[in-house]
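Examination of the molecular architecture
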Amino acid sequence: MAVFNLRDLRASLPRGQRLIGLDPGSKTIGVALTDVTLMLASPYGAIPRGKLKAVAAEIARIAAKEGAGGLVVGLPLSMDGSVGPAAQAAQDWTAALSEACGLPAALWDERLSSSAVNRMLIAEADLTRAKRALVVDRAAAAYMLQSALDATRG
């Protein structure tokens, strides 16, 4: 498989197929899922960050179960928009993951998604730090995926 521009990935999806959003962290990978119209992203879950083969198998299982035809992976650009070591590692990981799970992928800027979600969870949901840790990865994946959908709609 290949890494695409997100607009091209959306255009190549058969009607009714979803996208999976991934927010890779050092310990867990937040997972989000679009609806079939590609209008709304929702938190889906989190999977442990581990060996590529195991992660790819789990993502392929989710894709088969939920009817997803592509991946949108968070790209941790530097605050100035440059591609630093973390973003380069994310690009390499995304290409390997796409190949391993057989799904096309696109990268999307994820700067500040986790901090935005944490602020929202503190202010609006009034969750403790321990409870936030349980939901922040999947919520950050949904936040990133929703911004990608909004920016590429129409």
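We now turn to the structure provided with this report. (Residues numbered from 1 in each chain as written. Predicted model: local features only at pLDDT ≥ 70, side-chain atom pairs only at ≥ 80, totals over all residues. Heavy atoms only, no water.)

**Quick word on unusual backbone geometry**
- Here Leu 38, not a glycine, exhibits a phi torsion of approximately 60°, which is positive.
- Along the polypeptide, Leu 38 turns up in the loop between β3 (28–34) and β4 (41–48).
- Owing to a relative accessible area of 9%, Leu 38 belongs among the buried residues under this scheme. (Helix = DSSP H or I, 4+ residues; strand = E, 2+ residues; numbered from the N terminus. Buried < 20%, exposed > 50% of the residue type's maximum accessible area, 1.4 Å probe, protein only.)

**Re the nonpolar core**
- By size, the foremost hydrophobic cluster in this structure holds 24 residues, and its most contacted members are Ile 20, Leu 22, Ile 59, Leu 71 and Leu 97.
- Listed by contribution, the elements that provide at least two residues to this core are β2 (18–24), β3, α2 (52–66), β5 (68–75), α3 (85–101) and β6 (105–109).
- Excluding anything up to four places from it in sequence, Ile 59 contacts Ile 20, Leu 22, Ile 47, Leu 71, Leu 97, Cys 101 and Leu 103.
- Core analysis: the second largest hydrophobic core is formed by 15 residues, Leu 6, Ala 32, Met 144 and Ala 148 among them. (Core = buried A, V, L, I, M, F, W, Y, C linked by side-chain atoms within 4.5 Å. Contact = heavy atoms within 4.5 Å.)

**A look at the pattern of salt bridges**
- Considering all chains together, one arrives at two salt bridges under this definition.
- Of the charged contacts, one joins Glu 58 and Arg 61 as a salt bridge, the two residues approaching to 2.7 Å between their closest N and O atoms. Of the two residues, Glu 58 and Arg 61 both sit in helix α2, three residues apart, roughly one turn of that helix.
- A relative accessible area of 26% means that Glu 58 is categorised as partly exposed.
- Measuring nitrogen to oxygen at the nearest pair gives 3.1 Å for the salt bridge that ties Asp 150 to Arg 153.
- Residue classification places Arg 153 among the partly exposed positions, given a relative accessible area of 33%. (Salt bridge = Lys/Arg side-chain N within 4 Å of Asp/Glu carboxyl O.)

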